[in-house]
Amino acid sequence: QVQLVESGGGLVQTGGSLRLSCATSGRTFSVYTMGWFRQAPGKEREFVARITPGGSTYYADSVKGRFTISRDNAKNTLYLQMNSLKPEDTALYYCARKQWGPGWDYDAWGQGTQVTVSS
């Protein structure tokens, strides 16, 4: 069973940057679409970004132009570079693996890493 472990969260001031990492187990990382999600206190979990095996990316409007998702298939690791952070970016950030084949369900999740942006 695949394991996903996020790291890189922390406390940062408005306008600052953080880089999240998601280390995955298993040997099939490169064939899956991977994504980042976040959940703020009292709110539902929301999509942040995803990247296909071929490197195509898609972002939520709220982070477009500020966040960059990337992957290193040799290291089985997913990244999220977050720049120009805002207080509304404060949330628990999760990485996830999209299920194999058609559909948009994600079938494996990490435990999350906390990002707090102070104003």
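Residues numbered from 1 in each chain as written. Predicted model: local features only at pLDDT ≥ 70, side-chain atom pairs only at ≥ 80, totals over all residues. Heavy atoms only, no water.

**Concerning the state of the cysteines**
Phase 1: Taken as a whole and judged by the stated rule, the model has 1 disulfide.
Phase 2: With its sulfur 2.0 Å from that of its partner, Cys 22 forms a disulfide with Cys 95. Handedness of the Cys 22-Cys 95 disulfide follows from its S-S torsion of about 55 degrees: it is right-handed. Of this pair, Cys 22 sits in strand β3 (residues 18-24) while Cys 95 sits in strand β9 (residues 91-98), and the two are 73 residues apart along the sequence. (Disulfide = S-S within 2.5 Å. Helix = DSSP H or I, 4+ residues; strand = E, 2+ residues; numbered from the N terminus.)

**Considerations on unusual backbone geometry**
Phase 1: With a phi close to 55 degrees, Asn 76 is a non-glycine residue in the positive phi region.
Phase 2: In this structure, Ser 84 is a non-glycine residue whose phi angle is positive, near 50 degrees.
Phase 3: Relative to the helices and strands, Ser 84 is located in the loop between β8 (77-82) and β9.
Phase 4: Note on Ser 84: relative accessible area 42%, which makes it partly exposed. (Buried < 20%, exposed > 50% of the residue type's maximum accessible area, 1.4 Å probe, protein only.)

**Remarks on the pattern of salt bridges**
Phase 1: Scanning the entire structure with this criterion turns up 5 salt bridges.
Phase 2: Put simply, Glu 46 and Arg 38 hold a salt bridge, and the shortest N to O gap is 2.6 Å.
Phase 3: Residue Glu 46 is classed as partly exposed on the basis of its relative accessible area, which comes to 35%.
Phase 4: Taking the shortest distance from any N to any O, the salt bridge between Asp 107 and Arg 97 comes out at 3.1 Å. Of this pair, Asp 107 sits in strand β10 (residues 106-109) while Arg 97 sits in strand β9, and the two are 10 residues apart along the sequence.
Phase 5: Under the relative-accessibility criterion, Asp 107 is labelled partly exposed at 44%. (Salt bridge = Lys/Arg side-chain N within 4 Å of Asp/Glu carboxyl O.)

**A few points about the sheet that holds β8**
Phase 1: Read across the open sheet, the 4 strands follow the order β1-β3-β8-β7; overall the sheet is antiparallel. With partners counted over all chains shown, the strands left at the sheet margins are β1 (4-7) and β7 (67-72), one partner each. When the angles between neighbouring strand axes are averaged without regard to direction, this sheet yields 15 degrees.
Phase 2: Bridge count for β3 against β8 is 6 bridges, and the pairing is antiparallel. Within β8, the residue paired with Cys 22 across the bridge is Leu 78. (Pairing = 2+ DSSP bridges. Axes fitted to C-alpha atoms, helices over the stretch in contact; angles between N-to-C directions.)

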